[in-house]
Amino acid sequence: MSDFQNEMNRVVQGFVAQITELARRAAIDTLESAFGGRAGRSAPAVEASAVSLGRVGRPRGGRGAKRSSADLEELSSRFASFVAASPGLRIEQINKQLGTTTKDLALPIRKLISEGRIKAKGQKRSTTYFPGKKKAKN
């Protein structure tokens, strides 16, 4: 082989080695962040930061984390009073104002509709919410 070809092979092999090392580091970083493997991090610190951010809705903890009845009632009350003050909005608009997600509000909305405290008109994403005939229980 010529010197040019030998030099080209050496440069390409160096490049491949660099890319391989970068991919390995990225994979390790991803795994460490997924499993919380960084030194100095602990689960209580993560939960405390989530609480300090004022997160509304489901608690962190993954699938199956249950919300207390007090949390559900508080979210229901907030949703019902917001709908009473701003009728005719879709869930995306309500979520922006309340700082929630659709998943957070699904159960409270179903309960409020069954109690008659709110009404829903439309289907799927075009559903709009209005105050119902029944008032909140005090």
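Placed above this text is the structure.
This structure is a prediction, so every number in the text was calculated from the model and none was measured.

Q: Explanation requested: the packing of aromatic side chains in the structure shown.
A: For any pair of aromatic rings, the description consists of the separation of the ring centres together with the inter-plane angle of the planes. Counted under the stated rule, the structure contains one aromatic pair. Where Phe-79 meets Tyr-129, the ring centres are 5.6 Å apart and the plane angle is 80 degrees; that geometry is what we call edge-to-face. One end of the pair, Phe-79, is in helix α3 (residues 69-85); the other, Tyr-129, is in strand β3 (residues 128-131), and 50 residues separate them in sequence. Residue classification places Phe-79 among the buried residues on the basis of a relative accessible area of 0%. Here the basic side chain of Lys-121 rests over the ring of Phe-130, its NZ or CZ set 5.0 Å away from the ring centre.

Q: Can you help me understand the pairing of strand β2 (residues 118-121) in this one?
A: As a general feature of sheets, a regular strand has side chains that alternate between the two faces. Looking at chain direction, β2 and β3 are connected through four bridges and run antiparallel. Pairing of Ile-118 across the sheet is with Pro-131, part of β3. Here β2 hands over to β3 after six residues, with Gly-122 in that stretch at a positive phi of 105 degrees.

Q: Can you help me understand a nonpolar patch on the surface in this one?
A: Where nonpolar side chains cluster on the molecular surface, the patch consists of Phe-4, Met-8, Val-12, Phe-15, Val-16, Ile-19 and Leu-22 and spans about 700 Å² of accessible area. Counting through the fold element by element, Met-8 comes out in helix α1 (residues 3-35).

Q: Just checking my understanding: could you explain the pattern of salt bridges for this structure?
A: Where charged atoms of side chains with opposite charge meet at close range, the side chains can pair. Throughout the structure, instances matching the rule amount to eight salt bridges. Here Glu-21 makes a salt bridge to Arg-24, at a shortest N to O gap of 2.7 Å. Here Arg-24 and Glu-21 lie together in helix α1, a separation of three residues that amounts to about one turn. A salt bridge links Arg-90 to Glu-92; the shortest N-O distance between them is 3.5 Å.

Q: Help me understand the sheet that holds strand β1 (residues 89-90) in this model?
A: Strand pairing in a sheet takes place through backbone hydrogen bonds and is either antiparallel or parallel in direction. An order of β1-β3-β2 is seen for the three strands of this open sheet, with the pairing classed as antiparallel. Looking at strand neighbours, the two that pair on one side only are β1 and β2, the edges of this open sheet. The strands touched by α3 within the sheet are β1, β2 and β3, with β3 carrying the most contacts at an inclination of about 90 degrees.

Reading the values: rules and limits
Residues numbered from 1 in each chain as written. Predicted model: local features only at pLDDT ≥ 70, side-chain atom pairs only at ≥ 80, totals over all residues. Heavy atoms only, no water. Phe/Tyr/Trp six-rings, centres within 6.5 Å; stacked < 30°, edge-to-face > 60°. Helix = DSSP H or I, 4+ residues; strand = E, 2+ residues; numbered from the N terminus. Buried < 20%, exposed > 50% of the residue type's maximum accessible area, 1.4 Å probe, protein only. Lys NZ or Arg CZ within 6 Å of the ring centre and 35° of its normal. Pairing = 2+ DSSP bridges. Patch = residues over 30% accessible without salt bridge, like charges linked within 9 Å, V, L, I, M, F, W, Y side chains within 5 Å. Areas by Shrake-Rupley, 256 points an atom, 1.4 Å probe, with all protein chains shown as cover. Salt bridge = Lys/Arg side-chain N within 4 Å of Asp/Glu carboxyl O. Contact = heavy atoms within 4.5 Å. Axes fitted to C-alpha atoms, helices over the stretch in contact; angles between N-to-C directions.

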